[in-house]
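# Breakdown of the fold
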Amino acid sequence: MTSLTLKRLSVFALPIAAFAGMSTAAQAQEWTPERSIEFVAPANPGGGWDTLVRTMSRVIQQEELADESFAAINVPGGGGAVAWAQVARDSGNPHKLFATSPPMILVPLAGASRYDHTDFTPVARINTDYSIILVAADSEYQNLEDLLNALKEDPSLSVGGGSAPGSMDHIAIAGLASAAGMEASAVNYIPFSGGGDAMTNLMGGHIEAVVGGAGEAVGQLGEGSQLRALGVSSEERLGGGLSEVPTYQEQGFDYTFDIWRGVMGAPDMPEEAVAYYEDLFAEMLETDAWREASDQLGWIDAYQNSEEFGAFLDQQQEQFSDVLSELGLLRQ
Amino acid sequence: MDAFNNLMYGFGIALEPINIAYVFAGVFAGTIIGMLPGLGPISALALMIPITFAMEPSSGLILMAGVYYGAIFGGSTSSILLNAPGVAGTVATSFDGYPMAKKGLAGKALAIAAYSSFVGGTVSVIFLMLVAPLLSKVAVSFGPSEYFALMVLGLTAVVSLSDKSLIKGLIAAVVGVIISIVGIDMQTGTERFTFGSVQLLDGIDFLVVALGIFALAEVFYMLLRGGGGKEAPRNAIGSLKLTRSEVKEIAGPVGRSSVLGFFTGVLPGAGATIGSFLGYSMEKRIAKDGDTFGQGNIKGVAAPEAANNAACTGSFVPLLTLGVPGSGTTAVLLGALLVMGVNPGPMMLTERPDVFWGVVASMYIGNIFLLVLNLPLIPLIAKILDLPKPLLLSLILIFCMIGVYGMSFSVFDLLLLLGFGLVGLGMRLFGFPAAPLILALILGNIMEESLRRALQISGGDWMTFIDKPISLGLLVVALLSLGLPLLKKRRKKIPPDVAV
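Residues numbered from 1 in each chain as written. Chains lettered and ligands numbered in written order. Predicted model: local features only at pLDDT ≥ 70, side-chain atom pairs only at ≥ 80, totals over all residues.

### So, the overall build of chain B
Helix and strand counts for chain B stand at 22 helices and 2 strands. Of all 500 residues assigned to chain B, the portion counted as buried reaches 58%. Taking contacts inside chain B between residues at least 6 apart in sequence as the whole, the part at least 24 apart equals 80%. (Helix = DSSP H or I, 4+ residues; strand = E, 2+ residues; numbered from the N terminus. Buried ≥ 20, exposed ≤ 12 C-beta atoms within 10 Å, placed from the backbone. Contact = placed C-beta atoms within 7 Å.)

So, in structure tokens, the structure goes:
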């Protein structure tokens, strides 16, 4: 009887012990997801965050980089604030990630979100786009200096952008103006409902210039185009269709601006999980499928691991709050 | 002749068996998506991007364009049968379509919608083919001042949409403008009427209001009036056939609205919804029996249906000739083209003629498919009206709730839907017309944004609206269309309505 019980016990106990041992070992060294990962795009389908989430999920699945699938979920609202409020409630959950970019810093600084980047776990920076300044092809402005001088002389000249005041496009041009010795708030920034809307208005001659994302603008440049680029905010010249466009620094304005994109996770995500995702995303950036997709979308890889990304975000917050307070838009 | 050769080239692409299959799949999926409230073409197309990724760009765009105009085509079905607009572009169709269905003329209403959509779609493809490259100039000629004037012109329709009492119509319009303002103000980043709620930061979705005020309010109203023994039997679908005089009657409205709709669609940001409202209110004003609009006038179904399909095609002009999206839906299409490796831009017409002409040719085929697909379906779909009333009402209720929840996955939006249902019920009980509210909701936001943008560009100078010929012209037309009906009313010396 006793031996039987013991035997029985051991039959049960052995696998349990083995299982327990395995999982502790896994936690110590290698964590892997136990179910599919919710990958949140804090916006409607079709935008930048959504494209990042869907492209990453697709490449990871296509190249079989992970055992569990990445499920793209759209949580639109409040320029990201609705999704952030939702993720913030899920503290410690290693299966919840979201796409992020400068609004993660800007929206909280404008006082429109209870949560800011410090409430979440930075996972990795993935890639970046740059800001670009466009004028009509037949415009009198030949370079950045022409345009900035004209803006200095006549502050009523309008510069359109695709986002609200105090958001990416506005910061990009205000920061440049500031670097050129102007008051950041002196730029007559006209917010349009999107980069495409702003470019249409530039083609129609309703505004003087447009500040927007380089990736979005590249299709509008080149032979036969109605638009012309005066400069990009990168440190070095970009490739492809933008190789002819000089940087701001080349033209004597010491200013760069990154439209970075990355991934963050729920608050207090376990370190092992962060390490797993860091490696996974680094591996993903090396695949041909990713290469192909980024080339088509005009993305430039700019990987940073969790620690570097966290420090980068802190530094961005500092920089943006300076510009926002100059603009009188800081509400924190 | 050049256009003809190009079109033949386009048909060569569109008639490849695989592309015919894609057109069919696209318009079929679009029809279904359009019929279901909530799941609009935008989200459907975004979900399709991964599927089209590996496709030939012309095939991918043929498929996705089919979903888009198929949805606008199919959206009229639920507008007419259930008073629940399937997509934003078909709200105006319910104004006369639903009263027709109530009178037992559902079959005829659906048939008129299908024929008008077909004509609107086909006429606009001809325009797209012949004048698209020229029209790119028109599309960019509209700046903030011009948009403001266009929106003012659109809002004058409130006068013709307030059937009984102008005061009540104006009150409804003001409420509509207020709802359109909710959320973060684009110009300053200030929150307006959000009461600290994160869910309201992005404003209130148009479809939540439309489904609440039309469909849900109708359900409440029927519940309130009990089993409804007095009402005409709803189970009659009626004949699908149009008499010769009816065809004659709608020919004019369909023709005019097709052209109007197309040009509205060409303007970035205007689109199918505004196009259908403009078509509807124009016909209501022109028609001799304009005062029977809203009670089941066949012209009131024909005009918006022709206009919204034409506008849908028109919105491809800025996308295909300039590479800028004219609407939320074409913005997703633009993204899809990028993913497929096509650079949408001014050079696309010369660099990738296969995409442009293939899509144009496929639209002819797609519109024929839609007509052939939809007509035989009408008796089947209209059977939904045979359901016993309790079942039908619960079905509408579930339909609306799934639609709204599927849009945002937000319970908050469901509560909003319920709230607007009650608002709609109150409006019906006290004789407030719903159409001006919806119109003002659509136009209010764009009107305010363009007004402030225009003034910001001009440095606060109001003359910007007078100095620009297009905006001046539109404002004069607005003034005329506002003044004439009032004068007419005064001349008739109608006694002021005391109580409604």
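### Quick notes on the overall build of chain A
For chain A, the helix and strand inventory stands at 11 helices and 10 strands. Long-range pairs, those at least 24 residues apart, make up 77% of the contacts in chain A with a sequence separation of at least 6.

### Quick notes on the interface of chain A and chain B
Taken together, the contact pairs 43 residues of chain A with 44 residues of chain B. For the side of chain A that touches chain B, the elements supplying multiple residues, two or more each, are helix 2 (48–62), helix 3 (81–88), strand 6 (188–191), helix 7 (195–203) and helix 10 (288–297) of chain A. The element that contributes the greatest number of residues to the side of chain A that touches chain B is helix 7 of chain A, accounting for 6 residues. Grouping the amino acids of the side of chain A that touches chain B by side-chain chemistry returns 16 nonpolar, 22 polar and 5 charged. (Nonpolar A, V, L, I, M, F, W, Y, C, P; charged D, E, K, R; others polar.)

### Some details on the confidence of the model for chain A
On average, residues of chain A carry a pLDDT of 86, and 91% of them reach 70 or more. This model gives residues 1–28 of chain A a pLDDT under 50, and the stretch forms 3 contacts once residues within four places in sequence are excluded. (pLDDT = per-residue confidence, 0-100.)

### Some points on the pairing of strand 9 (residues 258–265) of chain A
Residues and elements named next belong to chain A. The element strand 9 is largely enclosed, with a buried count of 8 among its 8 residues. Of the two faces of strand 9, the one lined by Asp-258, Trp-260, Gly-262 and Met-264 and the one lined by Ile-259, Arg-261, Val-263 and Gly-265 are each fully buried. Pairing of strand 3 (residues 96–100) with strand 9, which is carried by 4 bridges, proceeds in the antiparallel orientation. The partner of Leu-97 across the bridge, within strand 9, is Gly-265. As paired elements, strand 4 (residues 121–136) and strand 9 share 8 bridges and run antiparallel to each other. (Pairing = 2+ DSSP bridges.)

### Let's talk about helix 11 (residues 306–327) of chain A
Residues and elements named next belong to chain A. Relative to the 32 Å expected for 22 residues at 1.5 Å per residue, helix 11 spans 31 Å between its end C-alpha atoms, a close match to the ideal helical length. Residues Ser-306, Phe-309, Leu-313, Phe-320, Val-323, Leu-324 and Leu-327 constitute the buried set of helix 11. Seen end-on, helix 11 carries its buried residues on one side only, within an arc spanning 100 degrees. Exposed and oriented more than 90 degrees from the buried face of helix 11 are Glu-307, Ala-311, Gln-315 and Glu-318. Structurally, helix 11 contributes buried residues whose contacts are with helix 4 (103–109), strand 4, helix 6 (168–179), strand 9, helix 9 (271–285) and strand 10 (300–304). Downstream of helix 11 by a residue or two, Gly-328 has a phi angle that is positive, lying close to 75 degrees. (Expected span 1.5 Å × (residues − 1). Arc of directions from axis to C-beta.)

### Some points on helix 10 (residues 206–224) of chain B
Residue and element names in this part refer to chain B. Taking 1.5 Å per residue, 19 residues should reach 27 Å; helix 10 reaches 26 Å between its end C-alpha atoms and fits that length. At Gly-212, helix 10 shows its maximal kink, close to 35 degrees. Counting buried positions along helix 10 gives 14 out of 19 residues, so the element sits mostly inside the fold. (Bend = angle between axes of the 7 residues up to and from the residue.)

### Quick notes on the packing of helix 4 (residues 57–82) of chain B against helix 5 (residues 91–102) of chain B
All names here are of chain B. Axis separation between helix 4 and helix 5 bottoms out at 6 Å; the angle between their running directions is 45 degrees. Relative to helix 5, the element helix 4 is oriented oblique. Our pair here, helix 4 against helix 5, has a crossing hand that is right-handed. Across the interface between the two elements, Ser-76, Ser-79, Ile-80 and Leu-81 from helix 4 touch Val-91, Thr-93, Ser-94, Gly-97, Tyr-98 and Ala-101 from helix 5. Residue composition of the contact of helix 4 with helix 5, grouped by class: 5 nonpolar, 5 polar and no charged. (Axes fitted to C-alpha atoms, helices over the stretch in contact; angles between N-to-C directions. Parallel < 35°, antiparallel > 145°, perpendicular 65-115°, else oblique. Left-handed = near helix turned anticlockwise from the far one by under 90°.)

### With respect to the nonpolar core
The biggest cluster of nonpolar side chains holds 267 residues, and the ones touching the most others in it are Ala106(B), Leu211(B) and Leu439(B). If you tally residues by element for this core, the top one is helix 6 (residues 106–141) of chain B, at 18 residues. Two domains each donate at least three residues to this core, and these are domain 1 (37–127 + 258–327) and domain 2 (129–242) of chain A. (Core = buried A, V, L, I, M, F, W, Y, C linked by C-beta atoms within 7 Å. Domains from an automatic or database assignment.)

### Looking at unusual backbone geometry
Non-glycine residue Asp268(A) carries a positive phi angle of around 50 degrees. With respect to the helices and strands, the residue Asp268(A) is situated in the loop between strand 9 and helix 9. Residue Phe195(B) is not a glycine yet carries a positive backbone phi of 50 degrees. Tracing the sequence through the fold places Phe195(B) in the loop between strand 2 (191–192) and helix 10.

### Considering the environment of Tyr98(B)
All names here are of chain B. Position of Tyr-98 relative to the elements: it lies in helix 5. Among the residues examined, Tyr-98 registers 26 C-beta atoms within 10 Å and is labelled buried. As for Tyr-98 and Ser-78, which are separated by 20 residues in sequence, their C-alpha atoms are 9.1 Å apart. Ignoring anything within four residues of it in the chain, the contact list for Tyr-98 reads Ser-79, Ile-80 and Asn-83.

### Observations regarding the domain arrangement of chain A
Residues and elements named next belong to chain A. Under the domain assignment, chain A is made up of domain 1 (37–127 + 258–327) and domain 2 (129–242). Averaged C-alpha coordinates put domain 1 and domain 2 at centres separated by 26 Å. Domain 1 puts 14 residues into the contact, and the matching count from domain 2 is 16 residues. Sorting the residues of the side of domain 1 that touches domain 2 by element identifies helix 4, strand 9 and helix 11 as the ones contributing at least two each.

### Describing the pairing of strand 1 (residues 37–41) of chain A
Side chains on a regular strand alternate between the two faces of the sheet. Residues and elements named next belong to chain A. Strand 1 sits mainly inside the fold: 4 of its 5 residues count as buried. Bridge analysis of strand 1 against strand 2 (residues 70–74) gives 5 bridges, and the strand direction is parallel. Counted as the bridge partner of Glu-38 is Ala-71 from strand 2. Sheet topology note: the strand 1/strand 3 ladder contains 3 bridges and is parallel. Residue pairing for strand 3: Phe-39 is matched across the bridge by Leu-97.

### What to know about the confidence of the model for chain B
The predicted structure's coordinates, where accompanied by low pLDDT, should not be read in detail. Predicted confidence across chain B gives a mean pLDDT of 86, with 94% of residues reaching 70 or more. On the interface metric, ipTM, the complex scores 0.80, and its pTM is 0.82.

### Quick look at the environment of His206(A)
Its location among the elements puts His206(A) in the loop between helix 7 and strand 7 (209–213). Distance from His206(A) to Ala85(A), taken between C-alpha atoms, is 39 Å for residues 121 residues apart in sequence. Setting aside chain neighbours within four positions, we find His206(A) in contact with Asn201(A), Gly143(B), Pro144(B) and Ile457(B).

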